[in-house]
Amino acid sequence: MSTSSPYPPHSYGPPTAPSRRWWQHPALIIALLIFIPPAGIALAWMSPWKQKTKVIASALALLWFLFVLFQDPPKKEAAAGPKPTATVTAAPTSSAATAEPTPPPSEAPMPGVVTKTYAEASSAIGKLIDGDIRVYSAYTDVELPKDHDDWVVCFQGPTANSTLVRKDANPRLHLVAPGTACPTSKGTELHPEPTHEPAPDNGSTGGSGTGGSGSSDDSSSSSGSSSSGGGVGVVHPGSFCGTPGATGVTKKGTPMICGPGSDGRNRWHS
């Protein structure tokens, strides 16, 4: 007698794969490995991927993450539009301040200053020499005043266009007062002393009444002129005189006396 089971025999089929969750989708894991490597690596190891695939994917994602992390950030460009340009205005510079001063020449031609005033002559010559200008009166009987800027140059030394050596130059100028004519040569007196020549002897010891009276008149006239003139008659102030203590008068009647002048020579002065 055979016994049979009241239940039919159970048939076993092939095992079914477990269902996959949404966060285990390969596309999502790959996207996260690229854009968010840490999250992608975590999901990769939670996925049903093979061990070798997980290691390769994690290594590549980690290298990519480090490359992006240590890369220099891109520089932000300015908003669209014309970029303002800085205008640099150069400050004006003076050529006189930047240029080195030109040293004065060691030699120069002597300028012609005859007929010019001393002020003009000294200005023209003073730029060319280191020393002083020697000045004299063009007339020996006229003293040069301290203020002679308006006096006129009659003679100069050295002559015009002669070479002036700046360190050794010793120019000389001879001047006359304004309105006074220049002498023909240096060493001339403006008011020379009159020469007193004796009256010519006509050889007569007496004369007729007319002649005698004429001689008498001349004599008295001469003596009268001498007495009215203070000794020697009309004299010029500043001119040389012969006898110290002699007296005279000017054309205007001013009494003058002969005495030593500033140069040690006898001159007429009041």
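Residues numbered from 1 in each chain as written. Predicted model: local features only at pLDDT ≥ 70, side-chain atom pairs only at ≥ 80, totals over all residues. Heavy atoms only, no water.

## Looking at the overall build of the chain
And step 1. Along the chain, the regular secondary structure elements total six helices and eight strands.
And step 2. Order of helices (α) and strands (β) in the chain, N terminus to C terminus: α-α-α-α-β-α-β-β-β-β-α-β-β-β.
And step 3. The buried share among the 270 residues of the chain stands at 21%.
And step 4. Here the contacts in the chain between residues at least 6 apart in sequence split such that 54% fall between residues at least 24 apart. (Helix = DSSP H or I, 4+ residues; strand = E, 2+ residues; numbered from the N terminus. Buried < 20%, exposed > 50% of the residue type's maximum accessible area, 1.4 Å probe, protein only. Contact = heavy atoms within 4.5 Å.)

## Some points on the environment of alanine 181
And step 1. Position of alanine 181 relative to the elements: it lies in the loop between β5 (172–176) and α6 (209–228).
And step 2. The class of alanine 181 is exposed, set by a relative accessible area of 55%.
And step 3. Between the C-alpha atom of alanine 181 and that of cysteine 154, which follows or precedes it by 27 residues, the distance is 8.8 Å.
And step 4. Ignoring sequence-local partners within four residues, the contact set of alanine 181 consists of Tyr139 and Val176.

## Concerning the nonpolar core
And step 1. The biggest cluster of nonpolar side chains holds 15 residues, and the ones touching the most others in it are Ile125, Ile129 and Leu173.
And step 2. Elements with a contribution of two residues or more to this core: α5 (118–126) and β5.
And step 3. When residues in this core are grouped by element, the largest group, three residues, is from α5.
And step 4. For isoleucine 129, the contacting residues outside a window of four places in its chain are Leu164, Arg166, Ala169 and Pro171. (Core = buried A, V, L, I, M, F, W, Y, C linked by side-chain atoms within 4.5 Å.)

## A look at the pattern of salt bridges
And step 1. Overall, the coordinates contain one salt bridge when judged by the stated rule.
And step 2. Measuring nitrogen to oxygen at the nearest pair gives 3.1 Å for the salt bridge that ties arginine 166 to aspartate 130. Taken together, the residues arginine 166 in the loop between β4 (163–165) and β5 and aspartate 130 in the loop between α5 and β2 (134–137) connect sequence positions 36 residues apart. (Salt bridge = Lys/Arg side-chain N within 4 Å of Asp/Glu carboxyl O.)

## A look at the pairing of β5
Remember that side chains alternate between the two faces of the sheet whenever the strand is regular.
And step 1. Among the five residues of β5, four are classified as buried, and the element is accordingly described as predominantly covered.
And step 2. Relative to β5, β2 runs parallel, the two being bridged by four bridges. By the bridge assignment for β5, valine 135 is matched with leucine 173. (Pairing = 2+ DSSP bridges.)

## Some thoughts on the sheet that holds β5
Paired through their backbone hydrogen bonds, the strands of a sheet run either parallel or antiparallel.
And step 1. Taken together, the three strands give an open sheet; going across it, the order is β2-β5-β3, and neighbouring strands pair in mixed fashion. Lying at the two open borders of the sheet, with one neighbouring strand each, are β2 and β3 (152–157). Averaged over all pairs of adjacent strands, the angle between strand axes in this sheet comes to 30 degrees, irrespective of strand direction.
And step 2. Across five bridges, the pairing between β3 and β5 is antiparallel. Residue pairing in the sheet places valine 152 in a bridge with valine 176 of β5.
And step 3. Contacts from α5 reach β2, β3 and β5 within the one sheet, and its direction differs from that of β5 by about 170 degrees. (Axes fitted to C-alpha atoms, helices over the stretch in contact; angles between N-to-C directions.)

## Regarding the state of the cysteines
And step 1. Applying the stated criterion across every chain, the model contains two disulfides.
And step 2. Bridging cysteine 154 to cysteine 182, the disulfide has an S-S length of 1.9 Å. Of note, the bridge from cysteine 154 to cysteine 182 carries an S-S torsion of about -80 degrees and is left-handed in sense. With cysteine 154 in strand β3 and cysteine 182 in the loop between β5 and α6, this residue pair connects regions lying 28 residues apart in the sequence.
And step 3. A residue is classified by how much of its surface remains accessible, and cysteine 154, at 8% relative accessible area, is buried.
And step 4. Taking the relative accessible area as the measure of exposure, cysteine 182 reaches 39% and is therefore partly exposed.
And step 5. Disulfide pairing places cysteine 241 opposite cysteine 258 at an S-S distance of 1.9 Å. Its torsion about the S-S bond being 85 degrees, the disulfide of cysteine 241 and cysteine 258 is classed as right-handed. With cysteine 241 in the loop between α6 and β6 (247–249) and cysteine 258 in strand β7 (residues 255–260), this pair connects stretches of sequence that are 17 residues apart. This pair shows no difference in class: cysteine 241 is buried, exactly as cysteine 258 is.
And step 6. What connects to what in the chain, once the bonded cysteines are numbered by sequence position, is 1-2, 3-4. (Disulfide = S-S within 2.5 Å.)

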